[in-house]
Amino acid sequence: MIPPAFDYTRPATVDEAVRTLADAGEEAKVLAGGQSLVPLMRLRLAFPELVVDVGRIAELRGVREDGGTLVIGAMTTHHDVIHDPLVRRHAALLASATATVADPAVRHRGTLGGSLAHADPAADLPAVVLALDGEMVVQGPNGRRTIPARDFFVDYLQSALAPDELLVEVRVPKTDGWGFHYEKFHRVAQAYAIVGVAALVRRDDGHIAEARVGLTNMGATPLRASAAEQALTGAGDAEAVRRATEAAAEGAHPAQDMSASPEYREHLARVLTRRAVLTAAGMG
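Conventions we followed
- Residues numbered from 1 in each chain as written.
- Predicted model: local features only at pLDDT ≥ 70, side-chain atom pairs only at ≥ 80, totals over all residues.
- Heavy atoms only, no water.
- Salt bridge = Lys/Arg side-chain N within 4 Å of Asp/Glu carboxyl O.
- Phe/Tyr/Trp six-rings, centres within 6.5 Å; stacked < 30°, edge-to-face > 60°.
- Buried < 20%, exposed > 50% of the residue type's maximum accessible area, 1.4 Å probe, protein only.
- Helix = DSSP H or I, 4+ residues; strand = E, 2+ residues; numbered from the N terminus.
- Pairing = 2+ DSSP bridges.
- Axes fitted to C-alpha atoms, helices over the stretch in contact; angles between N-to-C directions.
- Contact = heavy atoms within 4.5 Å.
- Core = buried A, V, L, I, M, F, W, Y, C linked by side-chain atoms within 4.5 Å.

(A) The pattern of salt bridges, seen in detail. On inspection of all chains with the given rule, the structure shows 18 salt bridges. What you see here is one network of salt bridges that share partners, running through Asp 133, Arg 202, Glu 210, Arg 212, Arg 224 and Glu 229.

Next comes the structure, spelled out in structure tokens:
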């Protein structure tokens, strides 16, 4: 299908992009890597009057350290996230999970910021950044503000970004010394996960001292499996992990669609959380 007609502009700086968005109001859409927006436009599920292409803004790319935090430019591609030495060393869960996104062609064009701003709960990276306790830095006409990941995803395909704001950076705390794993179940290679689980585990004296679990495709937004996280504290063996992860789907409201029923998704959440946590904790 061919999308409706639209105007197109390519700003050279973040300030110019923000001014353009402010002038256009809700009739504009930001084009990053295009791997999410373009398919929606072709299906006429999105029909902006103006497309603002931020793909040539150099200041939106790259990875740097800021103390105990990694700062990743919103236009950094999936490929660059996977291979960046800082990400691999200090946020290995993000690199590992990003390597499972779609296929090489998508990973060379798609961007971290684009995936997060699209706010699709079936996408892999929103749940990963949520598990990492990440933050999104956005810029609008009144300057910059920082939004915790837990507040960024507000509904299906809806984020806390205002129409005149641009996601410019993603900040994730370093997780050196944490075990990690991303586990997902999908029908065919390159498809969206029916359910995915991002697990981070910090062990102390042979027991789990802290666990973080992000869930993909278990509701209208990515979720933290809070009940399972609490139950995992103190777990010292596989049986304790199994019991704790029975709580993985508590508070979730998974959808019914052609891929799975809500009950099957809840079952997958429990099974995949157990696998992911056992692997992250070195108990698998």
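So that's the structure; there's more coming.
(B) Expanded view of the packing of aromatic side chains. Tallied over the full model, the rule gives 2 aromatic pairs. Here the aromatic rings of Phe 152 and Phe 153 are separated by 5.2 Å at their centres, their planes lie at 90°, and the arrangement is edge-to-face. We note that Phe 152, like Phe 153, is buried. Residues Phe 185 and Tyr 264 carry aromatic rings whose centres are separated by 6.5 Å and whose planes lie at 85° to one another, so their mutual orientation is edge-to-face. Within this pair, whereas Phe 185 is found in strand 11 (residues 179–185), its partner Tyr 264 is found in helix 12 (residues 262–280), the two being separated by 79 residues in sequence. Accessibility expressed as a relative area gives 32% for Phe 185, which makes it partly exposed. Here Tyr 264 falls in the partly exposed class, since its relative accessible area comes to 35%.

(C) Expanded view of the sheet that holds strand 2 (residues 28–31). Taken in spatial order, the 3 strands of this open sheet run 1-3-2, and their pairing is parallel. Every other strand in the sheet has two partners, leaving strand 1 (7–9) and strand 2 as the edge strands with one partner each. Sheet twist, expressed as the mean angle between neighbouring strand axes with direction ignored, is 25°. The sheet strands contacting helix 1 (residues 14–24) are strand 1, strand 2 and strand 3 (50–53), and the helix crosses strand 3 at an angle near 170°.

(D) Representation of the nonpolar core within the structure. Among the nonpolar cores identified, the biggest contains 35 residues, and Ile 72, Val 87, Leu 94, Leu 112, Leu 116, Val 128 and Met 136 are the most heavily contacted of them. If one sorts the elements of this core by residue count, helix 8 (residues 124–131) sits on top with 5 residues. Each residue touching Ile 72, except ones within four places of it in the same chain, is listed here: Gly 62, Val 63, Val 81, Val 87, Leu 94, Leu 112, Val 168, Glu 169, Val 170 and Val 172. Ala 225, Ala 276, Ala 280 and Met 283 belong to the second-largest nonpolar core, a separate cluster that totals 30 residues.

By themselves these figures say nothing about function.
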